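Breakdown of the fold
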Amino acid sequence: MKRSIQIFAVSALAAGIAACGGSSDGGSSTGSVSVGLTDAPIDNADAVNIEVEALVLQSPDGDRLRYEFDFPQPLNLLELQGGAVEALIQDEEVPAGEYSWMRLEVGTNNTIEIDGAVYDLTTPSARGVQTSGFVVPAGGEVALTIDFDVRKSIVNPQNDTIYKLKPVVRLVDNSTVGTISGTVTAELINEQCTDVTTMEESFLGNIYVHEEFNQAPDDIGSANEPLVVVPVTYNGSESTYTAAFIPTGEYTVSYSCGDDFVETADGQPADDDLTFVGRQNVEVTEGETATADFDTQVAQ
């Protein structure tokens, strides 16, 4: 089935797509499913354009439900940050029950733009990435979001102009997620970042979100890999960050001005020796925004 998908953005800090309706006849053998696509932010690229071709659902009865897309151009995942979502399917009536997996299929027309230069993103022969399973309630509805983690998905094995796409995604239920956001003071940024010229143009560091309280933070590729890493950005008056679609639970949030967008010779994320400051415990509640601000006092 070919379908043209309309782009829409959820306001900052929103929790995703709102599904509506259930089985069309009020019965209990079907339910409603909506799926959106978002991106865990990255700071080093100007654009990451991905050709999204199809979504496949492995249904309870063994059939595979396939939804093909006809986007006019590859999706720039960097436009899907901070709570913004691309709708893939909305309010689709499907068999109720436990689905084994969902697979997002991508094409070959993928590119990354860095400092104004555009590079091809080569993909492996198997261009689909599979998520965990989910349940569609009988006579009910479920709204899901695929978080496409660009930071973990781009491989730069030679650290030059060769970039590979190995998609890393996580599937979240929109009814069980919240947001973490906050500010980072200019004093802390200038203390931790040695090459800041202007707040508008400089790298301002990242916020690392680790699962569970009191974690010793580490970078991508380590034994204690963060759930997400989000960049600190300047909005004209202050430096802020937003980590959206975080499942409810306990987290350790830290700030670092190190850069973990570096690969080892075998194409794996480098486990750099980063300096983390301002470690805080944050509890995420569904539909709510937890705040964690960073300044020189917290960093002590």
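Everything that follows concerns the structure shown earlier in this document.
Residues numbered from 1 in each chain as written. Predicted model: local features only at pLDDT ≥ 70, side-chain atom pairs only at ≥ 80, totals over all residues. Heavy atoms only, no water.

**Examining the pairing of strand S11 (residues 117-122)**
In plain terms, the rule: The pairing criterion is simple: DSSP has to find at least two bridges between the two strands. Each helix is a run of H or I in the DSSP string that is no shorter than four residues. Each strand is a run of E no shorter than two, and both are numbered from the N terminus.
Sheet analysis places strand S10 (residues 111-114) next to S11, joined by 4 bridges and oriented antiparallel. By the bridge assignment for S11, Glu113 is matched with Val118. Hairpin connection, S10 to S11: the antiparallel pair is bridged by 2 residues, and Asp115 has positive phi, about 55°. Alignment of S11 against strand S16 (residues 163-165), held across 2 bridges, turns out to be parallel. In the sheet register, Leu121 faces S16, and the bridge partner there is Tyr163.

**A closer look at the pattern of salt bridges**
To keep it simple, the criterion reads: A carboxyl oxygen of Asp or Glu within 4 Å of a side-chain nitrogen of Lys or Arg is what we treat as a salt bridge. Relative accessible area decides the class of each residue, using a 1.4 Å probe on protein chains only: under 20% of the type maximum gives buried, over 50% gives exposed, and in between gives partly exposed.
For the structure on display, the rule yields 5 salt bridges. Between Glu105 and Arg66 there is a salt bridge, with the nearest N and O atoms lying 3.0 Å from each other. Taken together, the residues span a long stretch of sequence, with Glu105 in strand S9 (residues 102-106) and Arg66 in strand S5 (residues 64-69) at a distance of 39 residues. Given the relative accessible area of 14%, Glu105 is considered buried. Its salt-bridge partner being Arg170, residue Asp147 comes within 2.9 Å of it at the nearest N-O pair. Here Asp147 is found in strand S14 (residues 141-149), whereas its partner Arg170 is found in strand S17 (residues 169-173), with 23 residues between them in sequence. Each of the two residues, Asp147 as well as Arg170, counts as buried. In the salt-bridge network here, residues are joined through shared partners; they are Arg66, Glu68, Arg103 and Glu105.

**Quick notes on a negative patch on the surface**
Under the convention used in this document: The patch calculation keeps residues exceeding 30% relative accessible area without a salt bridge and links them within 9 Å when they carry like charges or within 5 Å when they are nonpolar (Val, Leu, Ile, Met, Phe, Trp, Tyr). All accessibility values rest on the Shrake-Rupley procedure with a 1.4 Å probe; residue burial counts only the protein chains present in the view. None of His or the chain ends enter the tally, which takes Lys and Arg as positive and Asp and Glu as negative. Note on charges: their place is set at NZ of Lys, CZ of Arg, CG of Asp or CD of Glu.
Taken together, the side chains of Glu211, Glu212, Glu250 and Glu283 define an acidic patch exposed on the protein surface. On the secondary structure map, Glu283 appears in strand S24 (residues 276-284). With a relative accessible area of 54%, Glu283 lands in the exposed category.

**Some remarks on the environment of Ser254**
What counts here: The contact criterion used is simple: two residues touch if any of their non-hydrogen atoms lie within 4.5 Å.
Structurally, the position occupied by Ser254 is in strand S23 (residues 249-256). Between the C-alpha atom of Ser254 and that of Gly278, which follows or precedes it by 24 residues, the distance is 5.6 Å. Apart from the residues lying within four places of it in its own chain, the contact partners of Ser254 are Asn206, Ile207, Tyr208, Pro217, Phe276, Val277, Arg279 and Phe294.

**Describing the sheet that holds strand S21 (residues 233-234)**
In spatial order, the strands read S21-S22-S18-S25; together these 4 strands make up an open sheet with mixed pairing. A single partner strand is all that each edge strand has here, and the edge strands are S21 and strand S25 (289-291). With 7 bridges connecting them, strand S18 (residues 177-184) and strand S22 (residues 239-247) associate as antiparallel partners. Bridging across to S22, Gly182 finds its partner in Tyr241.

**Side note on the packing of aromatic side chains**
Applied cut-off: The rule is short: rings of Phe, Tyr and Trp, with Trp giving its six-membered ring, pair when the centres are within 6.5 Å, and they are stacked under 30 degrees, edge-to-face over 60, tilted in between.
Per the counting criterion, the structure on display carries 6 aromatic pairs. Both rings, one in Phe69 and one in Phe71, keep their centres 5.7 Å apart while their planes meet at 50°; by these two values the pair is tilted. With respect to class, Phe69 is no different from Phe71; both count as buried. Residues Tyr99 and Phe134 carry aromatic rings whose centres are separated by 4.9 Å and whose planes lie at 10° to one another, so their mutual orientation is stacked. Within this pair, whereas Tyr99 is found in strand S8 (residues 97-99), its partner Phe134 is found in strand S13 (residues 134-136), the two being separated by 35 residues in sequence. The two residues Tyr99 and Phe134 agree in class, both being buried. By the ring-pair criterion, three or more aromatic residues cluster together here, those being Tyr241, Tyr255 and Phe294.

On their own, these measurements won't tell you what the molecule is for.
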